[in-house]
Amino acid sequence: MRQIRTLTLDEVRTQALIPVVSYARISSDKRKDEHGVQDQHKINRKTAQKHGWVIVAEFTDNDKSAAKVDLVRDDFELMLKVLSAGSLSDRTPVRGLIVVVEDRLIRRPGDYERVVDAYHRHAGFVFADQWQKKDLYREDVESMGLIGAVFSRIEVRKIQRRMRNNHRSRAERGVPAGGPRPFGWKPDRLALDVKESDLSRKAAKDFLEGRSLHSIVREWQEAGIKTSLGNEWTTRSLKVMLCNPRMCGLRELDGELVRDMDDELVRGQWKPIITVEEWIAIRTIFDSRKGYFIGRDMKIMKPHQPDYRDHSYLLSGILRCGRTQPDGKPCNTPLRVTRKKGVKHHSYACLSKAEGGCGRLSRRGDLVDEYVSEAVLAKLEEAAFTASAGQVEWGKEDQLKDVVSRLDELTAQWNAGNITNNFFFKLAPGLEKEIARLRAESANFAGSAKVRQARAGADVADIRRRWNLPEKEGGFPISRKRAYIREALHTVIVYPASKGPKTFNPDLLYPVWRED
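The rules behind each value
- Residues numbered from 1 in each chain as written.
- Predicted model: local features only at pLDDT ≥ 70, side-chain atom pairs only at ≥ 80, totals over all residues.
- Heavy atoms only, no water.
- Pairing = 2+ DSSP bridges.
- Helix = DSSP H or I, 4+ residues; strand = E, 2+ residues; numbered from the N terminus.
- Axes fitted to C-alpha atoms, helices over the stretch in contact; angles between N-to-C directions.
- Contact = heavy atoms within 4.5 Å.
- Expected span 1.5 Å × (residues − 1).
- Buried < 20%, exposed > 50% of the residue type's maximum accessible area, 1.4 Å probe, protein only.
- Arc of directions from axis to C-beta.
- Polar contact = N/O pair within 3.5 Å; in protein donor to acceptor, adjacent residues only side chain to side chain.
- Salt bridge = Lys/Arg side-chain N within 4 Å of Asp/Glu carboxyl O.

A. The arrangement of the sheet that holds strand β14 (residues 489-494) in detail. Here three strands make up an open sheet; going across it, the order is β10-β14-β15 and the pairing mixed. Sheet topology places β10 (319-321) and β15 (509-513) at the edges, where each strand pairs with a single neighbour. Between one strand and the next, the sheet's axes are offset by a mean angle of 30°, whatever the strand orientation. With five bridges joining them, β14 and β15 adopt antiparallel strand pairing. Among the inter-strand pairings, Val-494 is bridged to a residue of β15, identified as Leu-509. Its contacts with the sheet place helix α11 (residues 365-381) against β10, β14 and β15, and it is angled at close to 35° to β15. Packed on one face of the sheet, helix α15 (residues 478-488) meets β14 and β15 and runs near 90° to β14.

Take a look at the structure:
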């Protein structure tokens, strides 16, 4: 709200000016300069002058639709409070409202009723648009207003339906979507920008091989790489880019990949950056991260945060305490990292009893990191990963084809009038749900296979070389190392040492390998 003038009640009576408020709204402000709403306020000021009124405040909802139920128009809500109270917060009197046209004010019947209710709290309030004054206290005017709001709502739905149909038609033809230029493509949205597409392709490959989003973003920020809008890259914007099916030449509407009449995926007219299999693998990784943190008391806590940073230590959350409790059960508490002042190396220690652990086990961290790293690298050299990376068929392709065929046959019978609506709509949802489930299972299988292939195809000699190099010299970021460790290990159980000299004993570390 912008207050224009402050009038006392005596000034209103003396000058015979009726104090009113001006309301302006526009659904889309592409230029982001508020020119549309400012033009509406200018017209409203002329309307007030024509009727001998004075505008004491302006309420503006820029770039906001009045048709969306879940969208709050802040200034509209504030204006209703002012009209209901009959004054602004500083007690400046308010006796009416001016708009350019009524559909700037309301698009839904419920909003019209709220405006009329605010008027009926007082007597003698005025209302006008740029064409005429209107008495909102007359019953026929209220009913006509409601009818107008209904017709306005119908028109909005027609526009929305036309827009949805247009979007789907363009998608089915493989036409690029609108909006800002996507990173990786030239302004025509069809040809690849060589530099940006190479960066995007490398980011996708690195992510599939276990590198974190934060590590990639940090590298891009240090290199001065910007988004297509000239902004700094964030983990969020990088995730959105990698998850966008445009990367592999596909389109998505309402959460589903666009298919043609033959149920085949529609290929876009633009050149893809990665393969469909690589994109599915990326989506599979992100989907597997969905969920919530679980507390020690098994209560559901806050949702998992995006992978916004690298871990500071190699084995955080991987090591577990192997000390036996008085009841004979292992402690099994994840070890956390501790550091002591003046000590260069870190330690892995069990949580205190108050935190759910035993508080009686600790191990020197750098030596544990070195031992586990060597164990994982040895597994790689034994080609443990390649044993699980063979080309295995999903095995349910025929089942998916059968369900799709049954749905097609059911639809054909319904279109021909051979079965009733009740019978069709009783069976069709179940078949559609089964098709969606099988397609999701197929995508997850393909994605997991792609991830395994990416791991298996790695050069083990190069991995060992880069493992101990600093990151600035081409070494792996810690997220990449943890990805290899997670691929090889479920956990590493750390058993307590016996009394005596505190020397590092690797026999007290028990790796639980994934193939065991």
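So much for the structure itself; the text now carries on.
B. A look at helix α3 (residues 74-85). Taking 1.5 Å per residue, twelve residues should reach 16 Å; α3 reaches 17 Å between its end C-alpha atoms and fits that length. Every buried residue of α3 is accounted for by Asp-75, Phe-76, Met-79, Leu-80, Val-82 and Leu-83. For α3, the buried positions fall inside an angular range of 165° around the axis, keeping them on one side. Seen from the buried face of α3, the exposed residues on the opposite side, beyond 90 degrees, are Lys-81 and Ala-85.

C. Main features of the pairing of β14. The element β14 is largely enclosed, with a buried count of five among its six residues. With three bridges connecting them, β10 and β14 associate as parallel partners. Looking at β14, one finds that Leu-319 is bridged to Val-492.

D. Layout of unusual backbone geometry. Of note, the phi angle at Glu-34 is positive, near 60°, even though the residue is not glycine. Counting through the fold element by element, Glu-34 comes out in the loop between β2 (18-26) and α2 (35-51). Even without glycine at this site, Arg-91 takes up a positive phi of about 75°. As for its position among the elements, Arg-91 is in the loop between α3 and β4 (96-98).

E. Examining the environment of Asp-74 more closely. Mapping Asp-74 onto the fold places it in helix α3. In the structure, Asp-74 is positioned ten residues away from Lys-64 in sequence and 9.8 Å away in space, judged by C-alpha atoms. The contacts of Asp-74, once residues within four sequence positions are left out, are Asp-61 and Lys-64.

F. Structural context of helix α7 (residues 194-208). Compared with an ideal rise of 1.5 Å per residue, which puts 15 residues at 21 Å, α7 spans 21 Å between its outermost C-alpha atoms and is within 8% of the ideal. For α7, the complete set of buried residues consists of Glu-196, Ser-197, Leu-199, Ser-200, Ala-203, Ala-204, Asp-206, Phe-207 and Leu-208. N-capping of α7 is provided by Asp-193, with a side-chain oxygen placed 3.3 Å from the backbone N of Lys-195. Gly-210 sits one or two residues past α7 and shows a positive phi near 110°.

G. A look at the pattern of salt bridges. For the structure shown, the criterion picks out 23 salt bridges. A salt bridge links Arg-45 to Glu-58; its shortest N-O distance comes to 2.5 Å. Of the two residues, Arg-45 is situated in helix α2 and Glu-58 in strand β3 (residues 53-62); the sequence distance between them amounts to 13 residues. Take Glu-58: its relative accessible area is 2%, and that puts it in the buried class. In this structure, Arg-437 and Glu-441 form a salt bridge, with 3.2 Å as the shortest nitrogen-oxygen distance. With Arg-437 and Glu-441 both in helix α13 (residues 421-456) and four residues apart, the pair spans about one turn of that helix. Assessed through its relative accessible area of 38%, Arg-437 is described here as partly exposed. A relative accessible area of 25% means that Glu-441 is categorised as partly exposed. Put simply, Lys-202, Asp-206, Arg-211, Arg-218, Glu-219 and Glu-471 are held in one network by salt bridges that share partners.

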